[in-house]
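# Structural overview for review
Spelled out, the chains give:
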Amino acid sequence: MRQFLRTFFVAAFLLAGVSMLAQNRRHIDNYRYPDQRGVNVFEDPKDSIATFDGVKVRVGGSFALQFQALDHSYAGNALDTDGNVINLQQIGYNFNLATANLDLDVALAPGVRMHLRTYLSSRHHPEPYVKGGYFQIDGLDFISEGLLDNLMKYATIRIGHMENNYGDAHFRRTDNAQAIYNPFVGNLIMDSFTTEIGAEVYYQRNGFIGMVGFTNGKLNQDVKSSNGKTGGAAFIAKLGYDKQISDDLRLRLTGSLYNTGYTARNVLYSADRAGSRYYFVLEQEGASASGNFRSGRFDPGFSNKITAVMINPFVKYRGLEFFGTIEMTSGRSLAESDRRNTNQYAGELIYRFGHNENFYVGGRYNMVDAELAGGDDVTIDRYQFSAGWFMTKNILVKAEYVNQQHHDYATGNILEGGKFHGGMLEAVISF
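Everything in this summary refers to the structure shown in the same document. Not measured: the values here are computed from a predicted model. (Residues numbered from 1 in each chain as written. Predicted model: local features only at pLDDT ≥ 70, side-chain atom pairs only at ≥ 80, totals over all residues. Heavy atoms only, no water.)

### Quick notes on the overall build of the protein
The criterion, for reference: The numbering of helices and of strands both runs from the N terminus, where a helix is a DSSP run of H or I of at least 4 residues and a strand a run of E of at least 2. C-alpha atoms define the radius of gyration, and 2.2 Å times the number of residues to the power 0.38 defines the globule rule. Relative accessibility decides the category of a residue: with a 1.4 Å probe and only protein chains considered, values under 20% of the type maximum give buried, values over 50% give exposed, and everything between is partly exposed. Contacts are assigned to residue pairs that have any heavy atoms within 4.5 Å of one another. Surface accessibility in these figures is a Shrake-Rupley result with a 1.4 Å probe; residues are shielded only by whichever protein chains are displayed. Asp and Glu count as negative and Lys and Arg as positive, but His and the ends of the chain are not part of the count. Where a charge lies is defined by one atom per residue type: Lys uses NZ, Arg uses CZ, Asp uses CG and Glu uses CD.
Within the protein, the regular secondary structure consists of two helices and 17 strands. Taken over the C-alpha trace, the protein has a radius of gyration of 22 Å; the compact-globule value for 431 residues is 22 Å, and the two agree within 12%. Each of the 431 residues in the protein was classed as buried or not, and the buried ones make up 52%. Contacts spanning at least 24 positions in sequence make up 66% of the contacts within the protein whose residues lie at least 6 apart. Accessible surface, the protein as shown: approximately 19000 Å² in total, 59% of it carbon and sulfur. Within the protein, one finds 42 positive and 45 negative side-chain charges whose respective centroids are separated by 5 Å.

### Looking at the pairing of strand β17 (residues 419-430)
Along a regular strand, successive side chains alternate from one face of the sheet to the other. This is how it is decided: Two strands pair under a simple rule: DSSP has to find at least two bridges between them.
Pairing between strand β1 (residues 56-73) and β17: twelve bridges, direction antiparallel. Along β17, the bridge assignment pairs S62 with S430. In terms of strand pairing, strand β16 (residues 395-407) meets β17 through eleven bridges, oriented antiparallel. By the bridge assignment, K398 is partnered in β17 with E426.

### Description of the packing of aromatic side chains
How two aromatic rings sit relative to each other is given by the distance of their centres and the angle of their planes. Which entries qualify depends on this criterion: For this analysis, a ring pair means two rings from Phe, Tyr or Trp (six-membered ring only for Trp) whose centres lie within 6.5 Å, classed as stacked if their planes differ by under 30 degrees, edge-to-face if by over 60, and tilted for the remaining angles. Whether a charge lies above a ring is judged from NZ of Lys or CZ of Arg, which has to be within 6 Å of the ring centre and within 35 degrees of the ring normal.
Enumeration according to the criterion identifies 15 aromatic pairs in this entry. Plain terms: the ring middles of Y278 and F420 are 5.4 Å apart, the flat faces sit at 50° to each other, and that makes the pair tilted. Of this pair, Y278 sits in the loop between β10 (249-260) and β11 (305-317) while F420 sits in strand β17; the two residues are 142 residues apart in sequence, bridging distant segments of the chain. Like F420, Y278 is buried. Note on Y351 and F353: the rings are 5.8 Å apart at their centroids and 15° apart in plane angle, and the pair reads as stacked. The partly exposed category is assigned to F353, whose relative accessible area is 34%. Taken together through their ring pairs, the aromatic side chains of F42, F171, F314 and F323 make up a single cluster. The positively charged end of R37 is found above the aromatic ring belonging to Y33, 3.8 Å away from the centroid. A cation sits over an aromatic face here: R252 above F42, 4.1 Å from the ring centre.

### So, the layout of surface pockets
Definition in use: Method remark: on a 1 Å grid restricted to protein atoms, a set of points is classed as a cavity if a 1.4 Å probe fits but cannot get out and as a pocket if it is open with protein on both sides within 12 Å along at least five of seven lines; lining residues have an atom within 4 Å of a point. Grid points are joined across faces, edges and corners, and a volume is the space filled by probe spheres set on the points. Residue classes follow a fixed rule: Ala, Val, Leu, Ile, Met, Phe, Trp, Tyr, Cys and Pro count as nonpolar, while Asp, Glu, Lys and Arg count as charged, and any other residue, Gly among them, counts as polar.
Considered as a void within the structure, the largest pocket measures approximately 1000 Å³ in volume. In terms of lining residues, the largest pocket is bounded by 45 residues, among which P45, K46, D47, S48 and Q204 are the most central. Breaking the lining of the largest pocket down by element, the ones donating at least two residues are α2 (149-152), β7 (195-205), β8 (208-215), β9 (234-244) and β10. Ranked by residue count, the leading element in the lining of the largest pocket is β10, at three residues. Across the lining of the largest pocket, the residue classes break down as 15 nonpolar, eleven polar and 19 charged.

In structure tokens:
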């Protein structure tokens, strides 16, 4: 009953927000739309004409709900401390907790805006909490009119406790309730996503994209010291090319780097506090939705040092598009002396059709091979097939079939022979 009431009030809040927007819609410069117009948009576009005429506040949000029909199993050899077999959590077919986001985007000055996202309801935190935000500068007229215009028409500066721009996969992933950019229901097995305090500087010109950034390498901010250190530093870089070659053909290719020298607890692959879409899969009996919120994902455990490289090709020819991920990572935890390696590969093929490409069908193959801290080499692979319908530019319904299998886990590990498969339905509203 409490969950139903929470979902009801979240939905009521979002409907009120839609009404507010309909009465007071404001344009924000250099901004990725949170609806169908933002699909296949990566870095925020650079607008050639500034429209600032005073402080503007855009209130937006998103709402997502899934129906889950998944089955799971494993080899059944894991034992607890008393020698009893560990059973998987029994799961049935039903609805997951509805999730919701609240977005505030504010034009503060010519070429200056702010973004703030709050998770109103999420799998890990049913209560509201702030995901993060940033301050973005696309022009310096607020200091002096015309200052460095020839540079700033290509450059962008972003500062904040924010989602960091490592790789291109995070632009297509589901961010709690913001699932309208993702043609599937679930994200990648190794879901690279983190929000750290830092700054990023972009330069975009004639299709070429360059970015360098630094962060403090921490998700949860505090001043507590560990071994005489309060944190560390992470260096992020991206280089790429994105061009509309013709009316029919678009090509994009980027390479990204994320590297830390030392950090007390790096969480590049476990920072998503919103949680996985596949509730309770391969979790042991007694699991909770909020406590075991990463079901079906893999974290290599590089919590102390990490070097990660991601390459992403994107090709769109008319309604047919391909997006790929090649990710090579190495690192270690504080307890380890030697680095381990983990690789991830993914390919998506999507065909969009209909008026304004409001229908699509697609498939994704995703594979991770990793060396675990104990020395074992394991492999995880997943197939996803999906279909979706944009009922309007703000409303998307999608269906997915998923099949994931775990290979080469040691006897006694709950993931030994682990697999899950079945169907997911998801409805998304985003404005």
